[in-house]
Number of protein chains: 4
Amino acid sequence: MSKIADEKLAAQGRKKIEWAESRMPVLMSLREKYGKSKPLKAQRIAGCLHVTKETAVLIETLKEAGAEVSWSGCNPLSTQDDVAAALAEEGTDIYAWHGLSNEEFYWCIEQTLNFKPTLTLDDGADLIFTIHKKHPELAKEIIGGTEETTTGVHRLRAMGEEGKLLYPVIAVNDAETKWDFDNVYGTGQSTLDGIMRSTSVLFAGKTVVIAGYGHCGRGLALRASGLGANVIATEVNPIAALKATLEGHRVMKMDDAAKLGDIFITATGMKDVIIGRHFESMKDGAIVCNTGHYDLEINLNDLESLAKTKREVRANNEEYVLKNGNRIYLLAKGRLVNLAAAEGHPSEVMDMSFANQFMSMISLVENKGSLENKVHDIYAEQDCDIATLKLKTMGFSLDKLTAEQVKYLTDYAAGT
Amino acid sequence: MSKIADEKLAAQGRKKIEWAESRMPVLMSLREKYGKSKPLKAQRIAGCLHVTKETAVLIETLKEAGAEVSWSGCNPLSTQDDVAAALAEEGTDIYAWHGLSNEEFYWCIEQTLNFKPTLTLDDGADLIFTIHKKHPELAKEIIGGTEETTTGVHRLRAMGEEGKLLYPVIAVNDAETKWDFDNVYGTGQSTLDGIMRSTSVLFAGKTVVIAGYGHCGRGLALRASGLGANVIATEVNPIAALKATLEGHRVMKMDDAAKLGDIFITATGMKDVIIGRHFESMKDGAIVCNTGHYDLEINLNDLESLAKTKREVRANNEEYVLKNGNRIYLLAKGRLVNLAAAEGHPSEVMDMSFANQFMSMISLVENKGSLENKVHDIYAEQDCDIATLKLKTMGFSLDKLTAEQVKYLTDYAAGT
Amino acid sequence: MSKIADEKLAAQGRKKIEWAESRMPVLMSLREKYGKSKPLKAQRIAGCLHVTKETAVLIETLKEAGAEVSWSGCNPLSTQDDVAAALAEEGTDIYAWHGLSNEEFYWCIEQTLNFKPTLTLDDGADLIFTIHKKHPELAKEIIGGTEETTTGVHRLRAMGEEGKLLYPVIAVNDAETKWDFDNVYGTGQSTLDGIMRSTSVLFAGKTVVIAGYGHCGRGLALRASGLGANVIATEVNPIAALKATLEGHRVMKMDDAAKLGDIFITATGMKDVIIGRHFESMKDGAIVCNTGHYDLEINLNDLESLAKTKREVRANNEEYVLKNGNRIYLLAKGRLVNLAAAEGHPSEVMDMSFANQFMSMISLVENKGSLENKVHDIYAEQDCDIATLKLKTMGFSLDKLTAEQVKYLTDYAAGT
Amino acid sequence: MSKIADEKLAAQGRKKIEWAESRMPVLMSLREKYGKSKPLKAQRIAGCLHVTKETAVLIETLKEAGAEVSWSGCNPLSTQDDVAAALAEEGTDIYAWHGLSNEEFYWCIEQTLNFKPTLTLDDGADLIFTIHKKHPELAKEIIGGTEETTTGVHRLRAMGEEGKLLYPVIAVNDAETKWDFDNVYGTGQSTLDGIMRSTSVLFAGKTVVIAGYGHCGRGLALRASGLGANVIATEVNPIAALKATLEGHRVMKMDDAAKLGDIFITATGMKDVIIGRHFESMKDGAIVCNTGHYDLEINLNDLESLAKTKREVRANNEEYVLKNGNRIYLLAKGRLVNLAAAEGHPSEVMDMSFANQFMSMISLVENKGSLENKVHDIYAEQDCDIATLKLKTMGFSLDKLTAEQVKYLTDYAAGT
């Protein structure tokens, strides 16, 4: 059973999925391999993750490996309705449409719990929190779960340390082939892509203020300066801030940056990063958006209460005329601009992230009963295997250590 | 009178135009200034230039300055139908819609000649060629024209040198504030934007082959490497090629590059840059597009004849399965990918290009009768004035020479 | 007591030290602070670390904090004789000169053990290995040690895991304010600086082959491409290799890269990275150097046996004419080119690395008796404190979380 | 006859020249070609150009082609004494040493006029000015001259337009293979190299203020940001300034930039770019240098009069302690820092510049009597030939237009 926006979009969605398949060679090769051995047979996977063409490739790979799947989207604005329709048409249980209300959002999650999942797959931990808060009884049958985001892992780790986690979770986010690629290169390009689609502005010559210089922020800065912008970073962490300065960027308080920016992007995982007094000191025409998981980074209440008028000027682009006469343009209602206004992370990076999701599902099943109820790192071998596969599909070659070099590697007596 | 696709799109188009106005402060300040003095009063301007939101700002500025205007699009795929509708609604004569046939294309140009223009404004020189070939009698009343593109200027200069030009033309393309910005930063960003919208692929890690390392090619290389791609340039000009190598790129023959590229972009102004044998040696999944003015750079006949099947996989993205089994993805049917699949040059660069167009129209009128029938450069002062205005709107400041420094500047006796 | 090259160089060395002091504000502020409390009083510190102007600032800071110090250089070619003379003049025990033989190198280390150290400070672990191999009895009085390099930490960790470490060691290398700055930005700039001083070649347009894409390799690639070179990376680790490709570089086997490179830089920590068959396939005029800790990365025996003739063409630059007629230029005899041909890491990065060394010495004393005999990470607070100090001296400001934001940070129940 | 610093340095200088030869394949191939036909036979060439290893390769190529040569250096601090010695040893008339007084500088030029030159070769136009001011009678026998710098060409063009030039001059500076390479990539790298050698500071994280965003300034900005610095440009020309902003840099008045910069580099060709009030508002520790031709860009009188004390802290690095307590570090006494503190433009770019000098000398002889007494551009073919040769030596390949493509190039009737 499914609830989607419009089943007539299925053909268009199917094309999108096929396009994604052509750009995800690692996951497709795992589909081929595990489609034979079916290691997820008899598993019921509840997933709560942006319904995009890449997620569809993951879902269909999970099914090929034997799993039953029930899925919801993890963000009110990120579902691609045509992809959802294509999945529904092929018989996947899916509860997702673009423009969910908050109530509908949780209703969708609830539906995916009806078949009593044995595994959960999360992006932002809303599914796992729902289970913990409302349906703790389901946890008994759950072998484990995975989590895709920095924000989610952070919270789950805190729960794990307090002994409140009811089943083991693998931090897919922390796989090197995930966070060091998806967060840097995926968020970097797709966020700028979202800004381009919703504004069409020239980046060259603009001052771009990036709030948060973690992996996402670094990726954003790379891409913004790669497009000719002058980057200012704001940070609360001194080490991250120092990195920003050594990459050639300025670092200052948001109070100061607010006056200088042409475009603002939040990527902090923190709420209230841009608030009332910041809006008031911005230049006329400033563009404001968020690429962090939740829509709390930009304080929309503050913006609303400062505004005289508000109207949509382009898709995903709303003009707020402030009482001081200045115009502020808010993209994608402060939600993830890369998913709402573009197509989320490019298939090529999701290829690695979702290969990690897929292999982690298998790993949870294989290690059933032996993992503590806390957050676990993925296996280093899995990371390496995925990177090796990826490199090969890109046409690049590695050197190989000789036996003598391997010996040197571990021989601490050699030297000088 | 007008012929457009759908007048119901006018409201949406008007919003787009307003958005462009908010990003074109130079042209808007000229509109304000010359809206009072009306220097184009009694002039009839025939224009043939991509019907985009930025062009609409130009057209309405020309009208504010007193001119009557009649307009056609200069490329079968570049018209934004909503913008055309908004212009028509306000009473501009406009003959343009997306997806013109070749016949319709010339029919549209013909309509704009009905009111016997006194000035022509061209992008690619199709309007001026039509006058010269079919309606030379119109030339008598024409004070002069302007041309926006490298390709067009190149051809008109050749005509001028052969004494075949029937009225003077100002090479707007050659304004420093045009070619060194529009061609580099405008083409650079908007072409990559077009590729992202039509493919959603990750640039990081890709090998991007850029045919032609002129101003456009350099802009493309800046942006492609700014997004993490490895750039290969192909060239016929040794000086341009040398620049590419000193910017860190490889330069090789297309025969060699064809085997290595993931994405190919032509920006040469030349025909047959990518031909049959190149397609045959490309990797499976290669993406091919053009950002030069004409759709002759990629030889489509060769591609068609090599292909077993062909289908659209996304908007502006067609899959050709070759007889050798490889898939080639052609974007925007080999037409200008930045206009067909994105929104053309960002408003911020068109602000300068079109300020030059506007000031050149005024300049033609002011110098009526005193210009030879050849291609003229724009006035250096115009260039400087536009740059100064632009800088000011961006919030940047210049130093000013002191009297003593000005003296030093011209005093060749000073020194050492 | 000391043994140095030439005491007459003291005045020149003192100027160098003063220059370094002006560029190391963090360490200087710690000197001021702990110069009062003298937490290292009664400690005897044996150090084995490149004798540069920055090291001199560290040594004099350790002395200000109360310690007695005895020092040797950790590399035959890295000692700055004038700095050594200045230190000796002020009464530091120092055994170091440029151009040590292997025998002299170990003799110097031995001298620094005469005063029975209570703390050891290492760069490459030669001092600590000497104690473990030849003077294990000294370990009883040693509170702990520190290690500055990736290579050294790697080896010590192996020893620690095998239970063979006789006292605790703090992995200063692993401080974020060390490895993520010193290894990336310090090695990056100083290595290219060393190549420029010893060759004066233009980087723009060159193909630079970087062996190893760890932190050092990434820094080298940043700087080489920042100077206009085309970068090829070679790697054995697939994740590191993948990062290189997503930064826009090519990755291939050294067998293939050897044919393409104009300049080769090894930064792997592994021996035999460039060997005979690589030299044989290099282009005429290729430049080869190493920036890894040991001089084993380039196989010099292979080079010598392939060469017909050899001569010095510039300081730190030797020409080998191979039997095949090609000329290979070896810099700094295959030793750390950034220290031998330039001045090692710039003071600004050593400011942080050595602040970590200094604070780790204090930390070892404070935690005397409570640390296991293995390799320990530095305290995260120390890292943050140093970064905060550094940022402040650079004139940059951080945001600060509000109480409500701190609450959000730890409240895993908030969300969506 | 010669006057040099120390003839004992000849062997060392010869090695330097050989090294330069190995990096200047274009000029060496011209030497081979014209060493046979001797087109400069019976010519007497007076040259006034920095005596570096690359200039030596030019001088010896001129001699191989049949010319007699007499040479002076064109800057008091740029002569490499060992190179001068090597040239003298081989019998070149040379009058140049490092650290000339102003009086000696002109004395040297005078010596080179003794043999009544038939051709002059200038860098900064001091030789040609000396002839015009003091020895106009020599002009009768002079076929023509060449000029290497932007500054010099600017002045000579003014003289030519006023009818004051006594013989024709070829603007070697304006060859595309000169200014677009030498000025951008040569000045860019070598200036930063000079700053590194004289300060050893880390560029990453620094704010670098570049005065003048012409070709040199753009090259400096490329390299400074390539090393991780944040670049601020100052300009008087709005078009140049606009380019700086679109490359991602800030543009502001020097009054504002003075407060922000860590490192200042002047590259304007104008005097008094940094004056008293700028020094007074600089941060403690600021580094100031010049890479323009004359030492007038930084007002040294102002600096001297603001300073309490002054001392040399490193080679080419003087500390001025201002009355306000701040320390300012002046490099190379405000003279060309790339020549005084490093080795000037790398051989690879001088290869092209000097190939142009060499071919221009031949061209002057070939066109004897037919050139007007003004400044002439070099022949476009010469530019292309040199670029083609250079590319070939670098291992890169060009595409070639087919006959049909050549036809298209000139056929303005084709299209759309």
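Residues numbered from 1 in each chain as written. Chains lettered and ligands numbered in written order. Predicted model: local features only at pLDDT ≥ 70, side-chain atom pairs only at ≥ 80, totals over all residues. Heavy atoms only, no water.

Structural notes on the packing of helix 2 (residues 25-37) of chain C against helix 3 (residues 53-64) of chain C
Residues and elements named next belong to chain C.
Moving on, step 1. Put simply, helix 2 and helix 3 touch, their axes get as near as 9 Å, and they point 15° apart. The pairing of helix 2 with helix 3 is recorded here as roughly parallel in orientation. Between helix 2 and helix 3 lies a crossing whose hand is left-handed. Residues Leu-27, Met-28, Arg-31, Tyr-34 and Gly-35 of helix 2 lie in contact with helix 3, whose contacting residues are Val-57, Leu-58, Glu-60, Thr-61 and Glu-64. (Axes fitted to C-alpha atoms, helices over the stretch in contact; angles between N-to-C directions. Helix = DSSP H or I, 4+ residues; strand = E, 2+ residues; numbered from the N terminus. Parallel < 35°, antiparallel > 145°, perpendicular 65-115°, else oblique. Left-handed = near helix turned anticlockwise from the far one by under 90°. Contact = heavy atoms within 4.5 Å.)

Observations concerning the domain arrangement of chain A
Residue and element names in this part refer to chain A.
Moving on, step 1. Each domain of chain A was delimited in the assignment, giving domain 1 (7-180 + 345-393) and domain 2 (187-340).
Moving on, step 2. Opposite the 17 residues of domain 1 that make contact, domain 2 presents 14 residues.
Moving on, step 3. Of the roughly 1,300 Å² buried between domain 1 and domain 2 on both sides combined, carbon and sulfur atoms contribute 57%.
Moving on, step 4. The three residues of domain 1 that bury the most area against domain 2 are Leu-77, Thr-151 and His-345, which together make up 36% of that side's buried surface.
Moving on, step 5. On inspection of domain 1 and its partner domain 2, the count reaches zero salt bridges.
Moving on, step 6. Seen at the junction of domain 1 and domain 2, the total is four residue pairs in polar contact (both at pLDDT 80 or more). (Domains from an automatic or database assignment. Buried area = accessible area lost by both parts, 1.4 Å probe. Salt bridge = Lys/Arg side-chain N within 4 Å of Asp/Glu carboxyl O. Polar contact = N/O pair within 3.5 Å; in protein donor to acceptor, adjacent residues only side chain to side chain.)

Side note on the relation of the copies chain D and chain B
Moving on, step 1. At an RMSD of 0.0 Å, chain D and chain B line up after a rotation of 180° and a shift of 0.0 Å along the axis. What the rotation and shift describe, once combined, is the action of a two-fold rotation axis.
Moving on, step 2. Looking at the interface residues of chain D, 100% of them are also at the interface in chain B, so both copies use one shared face. (Least-squares fit on C-alpha atoms with pLDDT ≥ 70 in both.)

A few points about the UniProt feature "binding site: substrate" (unreviewed entry) in chain A
Residues and elements named next belong to chain A.
Moving on, step 1. Look at the UniProt record and you will see "binding site: substrate" (unreviewed entry) annotated at Thr-52, Asp-123, Glu-148, Lys-178 and Asp-182.
Moving on, step 2. Along the chain, the position of Asp-123 falls in the loop between strand 4 (119-122) and helix 6 (126-134).
Moving on, step 3. A residue is classified by how much of its surface remains accessible, and Asp-123, at 5% relative accessible area, is buried.
Moving on, step 4. Excluding its chain neighbours within four sequence positions, the residues that come into contact with Asp-123 are Cys-48, Leu-49, His-50, Cys-74, Glu-147, Glu-148, Thr-149 and His-293.
Moving on, step 5. Here Glu-148 shows up in the loop between strand 5 (144-147) and helix 7 (150-161). (UniProt positions renumbered as here; feature names shortened; annotations may be inferred. Buried < 20%, exposed > 50% of the residue type's maximum accessible area, 1.4 Å probe, protein only.)

Considerations on the packing of aromatic side chains
Moving on, step 1. Enumeration according to the criterion identifies 22 aromatic pairs over all chains in this entry.
Moving on, step 2. Each ring, one from A:Trp97 and one from A:Trp107, has its centre 6.5 Å from the other, and the planes form 55°; the classification is tilted. Note that A:Trp97 is positioned in the loop between strand 3 (93-95) and helix 5 (102-112) and A:Trp107 in helix 5, a separation of ten residues in sequence.
Moving on, step 3. With relative accessibility at 11%, the residue A:Trp97 sits in the buried group.
Moving on, step 4. Looking at A:Trp107, the relative accessible area reads 37%, which means it is partly exposed.
Moving on, step 5. Connected via pairs of aromatic rings, a cluster forms that spans A:Tyr95, A:Trp97 and A:Trp107.
Moving on, step 6. Taking NZ or CZ as reference, A:Lys3 lies 4.9 Å from the ring centre of A:Trp97, over its face.
Moving on, step 7. Geometry around C:Tyr106 places C:Lys134 over its ring, the cationic atom sitting 5.9 Å from the centre. (Phe/Tyr/Trp six-rings, centres within 6.5 Å; stacked < 30°, edge-to-face > 60°. Lys NZ or Arg CZ within 6 Å of the ring centre and 35° of its normal.)

Focus: the pattern of salt bridges
Moving on, step 1. Summed over the entire model, instances satisfying the criterion amount to 108 salt bridges over all chains.
Moving on, step 2. With a shortest N-O distance of 3.0 Å, B:Glu54 and B:Lys53 are connected by a salt bridge.
Moving on, step 3. The class of B:Glu54 is buried, set by a relative accessible area of 1%.
Moving on, step 4. The exposure class of B:Lys53 is buried, given its relative accessible area of 0%.
Moving on, step 5. A salt bridge links B:Asp174 to B:Arg157; its shortest N-O distance comes to 2.4 Å. With a gap of 17 residues between them, B:Asp174 in the loop between strand 6 (169-171) and helix 8 (176-199) and B:Arg157 in helix 7 (residues 150-161) connect regions that are remote in the sequence.
Moving on, step 6. Here B:Arg157 falls in the partly exposed class, since its relative accessible area comes to 28%.
Moving on, step 7. In the salt-bridge network here, residues are joined through shared partners; they are A:Lys53, A:Glu54, A:Asp193, A:Arg197, A:Glu343 and B:Arg314.

Looking at the nonpolar core
Moving on, step 1. Ranked by size, the top nonpolar core spans 184 residues in total, and within it A:Leu40, A:Phe358, B:Leu40 and B:Phe358 carry the most contacts.
Moving on, step 2. Apart from residues lying up to four places away in sequence, B:Leu40 is in contact with B:Ile45, B:Leu62, B:Ala65, B:Gly66, B:Ala67, B:Leu119, B:Phe358, B:Met361, B:Ile362 and B:Val365. (Core = buried A, V, L, I, M, F, W, Y, C linked by side-chain atoms within 4.5 Å.)

Concerning unusual backbone geometry
Negative phi values dominate among residues other than glycine, just as trans dominates among peptide bonds.
Moving on, step 1. Not every positive phi belongs to a glycine, and B:Ala125 is a case in point at roughly 75°.
Moving on, step 2. Positionally, B:Ala125 belongs in the loop between strand 4 (119-122) and helix 6 (126-134).

Here's the deal with the sheet that holds strand 3 (residues 93-95) of chain D
Residue and element names in this part refer to chain D.
Moving on, step 1. Pairing is parallel in the open sheet, where seven strands are placed in the order 3-2-1-4-5-6-15. At either end of the open sheet lies a strand with only one pairing partner, and these are strand 3 and strand 15 (375-376).
Moving on, step 2. Sheet topology places strand 4 (residues 119-122) next to strand 5 (residues 144-147); four bridges connect them, and they run parallel. Across the sheet, residue Thr-120 finds its bridge partner in strand 5, namely Gly-145. (Pairing = 2+ DSSP bridges.)

Concerning the sheet that holds strand 11 (residues 286-290) of chain B
All names here are of chain B.
Moving on, step 1. Strand order in this open sheet of eight strands is 9-8-7-10-11-14-13-12, and the pairing throughout is mixed. Each edge of the open sheet carries a strand with a single partner, namely strand 9 (250-251) and strand 12 (307-314).
Moving on, step 2. Judged from the two bridges that link them, strand 8 (residues 230-234) and strand 9 form a sheet pairing that is parallel. When the sheet's bridge partners are listed, Ile-232 is paired in strand 9 with Arg-250.

Some words on the interface of chain D and chain B
Moving on, step 1. Each partner contributes to the interface: chain D provides 70 residues, whereas chain B provides 70 residues.
Moving on, step 2. Of the roughly 6,200 Å² buried at the junction of chain D and chain B (both faces included), carbon and sulfur atoms supply 62%.
Moving on, step 3. A salt bridge links B:Asp180 to D:Lys243; the shortest N-O distance between them is 2.6 Å.
Moving on, step 4. In this structure, the connection of chain D to chain B is made through 22 residue pairs in polar contact (both at pLDDT 80 or more).
Moving on, step 5. Its residues assigned to classes, the side of chain D that touches chain B comprises 34 nonpolar, 13 polar and 23 charged. (Nonpolar A, V, L, I, M, F, W, Y, C, P; charged D, E, K, R; others polar.)

Section: the interface of chain C and chain A
The figure often quoted for interface size is the accessible area lost as the parts come together.
Moving on, step 1. Across the boundary between the two partners, chain C contributes 69 residues, which contact 70 residues of chain A.
Moving on, step 2. Carbon and sulfur atoms make up 62% of the surface buried where chain C meets chain A, a total of about 6,200 Å² over both sides.
Moving on, step 3. Counting the contacts that link chain C with chain A gives six salt bridges.
Moving on, step 4. The shortest N-O distance in the salt bridge between A:Lys243 and C:Glu176 comes to 3.3 Å.
Moving on, step 5. For the pair chain C and chain A, the interface holds 22 residue pairs in polar contact (both at pLDDT 80 or more).
Moving on, step 6. The residue makeup of the side of chain C that touches chain A, split by class, is 34 nonpolar, twelve polar and 23 charged.

Quick word on the pairing of strand 13 (residues 317-322) of chain D
Two faces, one strand: in a regular strand the side chains alternate between the faces of the sheet.
All names here are of chain D.
Moving on, step 1. Judged by how many residues are buried, strand 13 sits mostly within the fold: six of six residues are covered.
Moving on, step 2. Here strand 13 shows no split at all, with Asn-317, Glu-319 and Val-321 on one side and Glu-318, Tyr-320 and Leu-322 on the other all buried.
Moving on, step 3. Pairing of strand 12 (residues 307-314) with strand 13 involves six bridges; the strand directions are antiparallel. Across the sheet, the residue bridging to Thr-309 is Val-321, located in strand 13.
Moving on, step 4. Between strand 12 and strand 13, which pair antiparallel and follow one another directly, the connecting turn spans two residues, one of which, Asn-316, has a positive phi of 60°.
Moving on, step 5. Direction of pairing for strand 13 relative to strand 14 (residues 327-331): antiparallel, over a ladder of five bridges. From the neighbouring strand, Glu-318 faces strand 14, where its bridge partner is Leu-330.

Description of the side chain of A:Gln357
All names here are of chain A.
Moving on, step 1. Within the element layout of this structure, Gln-357 appears in helix 15 (residues 347-366).
Moving on, step 2. Classification of Gln-357 as buried rests on a relative accessible area of 0%.
Moving on, step 3. There is a polar contact of 2.8 Å between the side chain of Gln-357 and the side chain of Glu-148.
Moving on, step 4. Excluding anything up to four places from it in sequence, Gln-357 contacts Leu-49, Leu-58, Leu-121, Asp-122, Thr-146, Glu-147, Glu-148 and Val-172.

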